[in-house]
Structures are given as C-alpha cells and as structure tokens.
Amino acid sequence: MIRTLALRELRSLFLSPLAWAILAVVVFLLAWLFLAQVEYFQRIQPQLVAIPNAPGLTAIVVAPMLGDAAIILMLVTPLLTMRLIADERRNRTLPLLLSSPASMTEIVLGKYLGLMLFFLVLLALIALMPLSLLMGGGLDFGTLAAGFLGLALLLAAYGAAGLFMSALTRQPTVAAISTFGLLLLLWVIDWSGNARPGMSGVFAYLSLLQHYSSLLKGMFDTKDVIYYLLFILTFLVLSVRRLDADRLQH
Amino acid sequence: MPSDVLIRVENLHRYYGDLCAVRALSFELRKGEVLGFLGPNGAGKTTAMQVISGNLAPSAGRVWIGGVDLLDEPRRAKAQLGYLPEQPPLYREFTVDEYLAFCARIHGVPRRDVVAAVARARARCGLEAVGARLIGNLSKGYQQRVGIAQAIIHTPAVVILDEPTVGLDPIQILEIRALIRSLGEAHSVIVSTHILPEVQAVCNRVLMIHRGERVLYGSLEEVTRDAGEHGVTAAFRRPPPEEEIGALPGVAGVEALGDGRFRIRPAAGADPREALVEHAVARGWGLYELAAERASLERLFVELAYRDARPDMEAGDPVPTEAA
C-alpha cells in the first residue's frame, strides 16, 4: 500500500516539468560551485604540500560543496513539498485516498517515501561529482560517507517539515513559503542563542545547521542522527494528526 | 443483521459547529438495491455521503458497510466501498489506464489481477477507446466515466455516487443510467441527485432528506403509491354537465378544468375509468382523452419544499411522510 502510494507520488513528480527543472538547476549550480572549489584546490595545492597534516581533497572540495548543497536545497525543497497534500486538497483528489482502505499513516508515509525516492535520485546525481575526483586523486571515503549521510538526513528533515506545511493548507504557494520560513528559522536559530546565557544550548540543539556541520567534518555522532530522526518523526506524526483532523472538522 | 444488508446507517448525526447538516439519519440498503438519495441543495446529501464513505467522521451514529463497522474497522469496511465524490478525484497528469491501475492497487486488488480489473472497469464504463489518453485532456463526460470506473474497479459491495450525471450530455446521461442500473444487479448503489426523473429511471428505493432530516423513505412503488390519490383526467368533445359525471359509480368528486376537461377524484379503492368509458360511449360525450394521474416524485419534492417554505399549510395536505 505504502509502496503503491510512494510510486504514484514519484511518478507524478516526474510527470511534471518541475521535478526535471529542479534536478537540472540544482545539479548545474552545484557543478559550478564544485568546479570553483576544484580550481581553488589546484591553486593552493603547492602550498598544501608544505603543511604537515594538510587538509585533503575531500575537506577542501567536497565538504564546502555539500555545505552549499544544503542551502540550495533549502530553497528548492519547499517547491517540491508544497504540492504533496495541498494540491490533492485543491484538486479534490483526497477523497480517493480517504475512501480507500489506506490509513492516514499509510497515506502520509506513502507521500513521504515518494519524495524520499526523488531525493535519492538527486543525491545520486550529486554524488557523481566528488566520485569523479577519483579519476585524478584519492578521497577520504569516511568523511564523504558522513557528509552524504548528513545531506540525506537533512533532506529527509526538510521533506518532513514541508509535508506538514503542505498538510496545513490548500494553497501550495502558502505551503511553500511557510516551509521556507520554518527551515530558514531552524537554520539560523542558534544565532540568537548567544544573547542569553543558558539558552544557547537549546537553540544550538534545535539548529539544523549545527548537526549538519559536524557530520560534514566527518564526525559521526549518534546524537546528530537522533536529532534528525526525531525531527522527521515529529513532523510526520503532526501531518497524520492534521489529516485526521480534516475528517473531524467541526 | 441479515447478511444481504450491505449498508446500514443508524442514527447518524453530523454537525458543523452549531449547524446540524445531518440529523438522526437511519436507513438500510440490501444487495441489488439502488437508492436514490434526494434533497434540495444544501439538504445534507453530500455530507451524509462523505460520512458513509469515511471521508468525514460522524458526530454521532454508526455506519456498517457489508456488516463491518466503518469506525471500528475502517480498513475492512472501506475495502467493500467504492465512492465517486461530487468532483471526480482524478490525477490529471496520468493516463486513464495508469490511473485505474493505481486505484485498483490502493483498493487492494492483487497485483496479478490489476490488468484484468482495469480492462473490466474500462469496458463497463465505455472507456476502451481512451485508455492511453491523459485524463486532463478528456472531456468532462469521459472524466466523469473515469470517476465511475474508479469507484467500481475493485467490484465493491457498495457503490456511492454523488451526482454522477452532472455535466453530461443527454446521451451520456442515458448511458450512465444504464450503467447504474447494471451495477445495481450485483452491488448496492447509492446515487445522489436532484434530477427527479433520474430517480424514477434508475432507483428502486428512495430516500429524501431536507435540512438534514429524513422526510421520505421507501421503495419507489411505496413512495409513489402513497403519494396521494390517483386522480383521473378526462376530456370530452361534447362535455356533459359535471353532476352527470359525479353520479357515476366510483366517483367521489369532479372538477371542471374548462375546454371540456375534467379532473375526477375516485372514491377510495375504486377505479371509475371503465364506467366512465362505457357511459361516454353510450351517451355520445365524445371522450378523446383519459389519463390516470400518477403522483410523481416531482410533486412530492415540490410539496415538501413548499411545505417548508409555508409552514402555515395545513397538516391535512396529502403530503406523504414515512412510507416505510
């Protein structure tokens, strides 16, 4: 059931030009940044030789690229998630799912997994860039894996938040702007943490960026992974509850 | 509960805030019955159908689909249910075949049976020629048919159609009606409409609601039989005086309509038509028209709405209520 729903979601995405446009734009931008980073590495390579224990190719080329990818995808994800539920509401296709034997949880999970499959395609395309460096150099696969795990978790978190925002409204654009606002807030939330002593820990913990940057450095901490999993779970549960509330509306 | 009762609704209430959209609605539908669900705009038809199809939670009351409680075991109950909302729930970017295959899968049709189910639903709804076309490019009539195909693809015991013939051309309406009649043979069907001849054409039971309350319920024969006396109208070339007709056996009253036409009210249980013809021939009245008035649903409908608009109308008016 979940699989059927997920595959339909993925198919719908690829039937619209939006998904293709997003893939093209994201990959083009990242390729540009990647090339700039490679160029920079080539320029400073002579100096690196002199430094003992110098940062390698992965740290200088791949990590910054993944950092940029997180920002670009924060801008792009709301466009992908906005239509997940809001569009079904607007086109009045939700009754089809609601009168079918699928439960609310299955409907939400199906939509979410469909989106995750799309992100998987995107991640595979992004991964091709650092892997192409293997033609002329060596990579630190540990750091690379931690970085991509971080990006995958981050995208999954973006997606869950976007799904929930889409469940709140019938206007996809409203869902998109709210998702973007929420994600950006969570990105910068620790900036205000310094103002009040004692609170900085909470804000730093809530920040999407903090957990991502430690993974980018190649530090795999279960604390960060659990943060993302909790984040995803929270928004998925909220989405299910929100859809249930539709049935109970007074 | 007898096993052939496929839908049972008991004491269903649905509120929107303070507004009561459906109040104390109860009915049963057996296998092979087509229920015409009638009511003026805003009567609560769509709300009731949304509750029965599981799209809205009831404020009170229970619904059984094929003997399974919709609230306790939604999965099993919904597996026996096909629902066409007012606006067909179509994914416009899909082709008809893709869409129907998806509907079959989420309604629990096993993977190996999907192709056969799609072909069957397509054939029943006259969609053979458009299987590979995008739904968004189809005409409204075809989209409506795809909506119906979606509701019957998993051969559910209960099919609920909310205004299935809206926006179709007359030929398509006839086709859809024939389809609903054929569905009625193997399934229980609820059809909501405000086109009254449609009910007479396809339904064998009638449920009329007004302001959320049931005002009429029964089989089509019961409802129209009890709809008041069956008058007879007769027209004569050489009309006799009123009293002469009034003296005929079985006639309780006569009303001249002018132009040699009369409306004759029969005595209870009597049919004065035969006597009328005999006398008309014997006395040379020149009878050229004789028709039994059948109380149509339309009259009932208007009377119900009218009664509501004019609450001062006497209670003795021939307005049928609970026929069942």
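Residues numbered from 1 in each chain as written. Chains lettered and ligands numbered in written order. Predicted model: local features only at pLDDT ≥ 70, side-chain atom pairs only at ≥ 80, totals over all residues. Heavy atoms only, no water.

**Student:** Break down the interface of chain B and chain A for me, citing the residues and quoting the values.
**Tutor:** Across the boundary between the two partners, chain B contributes 31 residues, which contact 26 residues of chain A. In total, chain B and chain A occlude about 2600 Å² of area from one another, counting both sides; carbon and sulfur atoms represent 57% of this. Of all residues in chain B, Arg75(B), Tyr91(B) and Ile106(B) bury the most surface against chain A, accounting for 23% of the area lost on that side. Linking chain B to chain A there are two salt bridges. The partner of Arg75(B) in a salt bridge is Glu106(A), with the nearest N and O atoms 3.0 Å apart. Counting across the chain B and chain A interface gives seven residue pairs in polar contact (both at pLDDT 80 or more). At the level of elements, strand S1 (5–16), helix H2 (74–78), strand S6 (81–84) and helix H3 (96–106) of chain B are the ones that each hand at least two residues to the side of chain B that touches chain A. (Contact = heavy atoms within 4.5 Å. Buried area = accessible area lost by both parts, 1.4 Å probe. Salt bridge = Lys/Arg side-chain N within 4 Å of Asp/Glu carboxyl O. Polar contact = N/O pair within 3.5 Å; in protein donor to acceptor, adjacent residues only side chain to side chain. Helix = DSSP H or I, 4+ residues; strand = E, 2+ residues; numbered from the N terminus.)

**Student:** Just give me the short version of the pattern of salt bridges, but keep the residues and values in it.
**Tutor:** Tallied over the full model, the rule gives 25 salt bridges over all chains. Between Glu9(A) and Arg83(A) there is a salt bridge, with the nearest N and O atoms lying 3.3 Å from each other. One end of the pair, Glu9(A), is in helix H1 (residues 2–15); the other, Arg83(A), is in helix H4 (residues 83–90), and 74 residues separate them in sequence. The same class applies to Glu9(A) as to Arg83(A), namely buried. Linking Arg30(B) and Asp4(B) is a salt bridge whose minimum nitrogen-to-oxygen distance equals 3.2 Å. (Buried < 20%, exposed > 50% of the residue type's maximum accessible area, 1.4 Å probe, protein only.)

**Student:** Residues and numbers for the environment of Phe180(A), please.
**Tutor:** Residues and elements named next belong to chain A. Turning to its location among the elements, Phe-180 is positioned in helix H8 (residues 172–188). Judged by its relative accessible area of 25%, Phe-180 is partly exposed. When the C-alpha atoms of Phe-180 and Ala-6 are compared, they prove to be 23 Å apart, with 174 residues separating the residues in sequence. Residue contacts for Phe-180: discarding those within four places in its chain leaves Met-74, Leu-75 and Pro-78.

**Student:** Explain the pairing of strand S3 (residues 34–38) of chain B residue by residue, including any values.
**Tutor:** Residue and element names in this part refer to chain B. The buried fraction of S3 is high, at five of five residues. With burial as the criterion, each face of S3 is covered, one bearing Val-34, Gly-36 and Leu-38 and the other bearing Leu-35 and Phe-37. Across four bridges, the pairing between S3 and strand S8 (residues 188–192) is parallel. Across the sheet, Val-34 pairs through a bridge with Val-189, a residue of S8. As paired elements, S3 and strand S9 (residues 205–210) share four bridges and run parallel to each other. Looking at S9, one finds that Leu-35 is bridged to Arg-205. (Pairing = 2+ DSSP bridges.)

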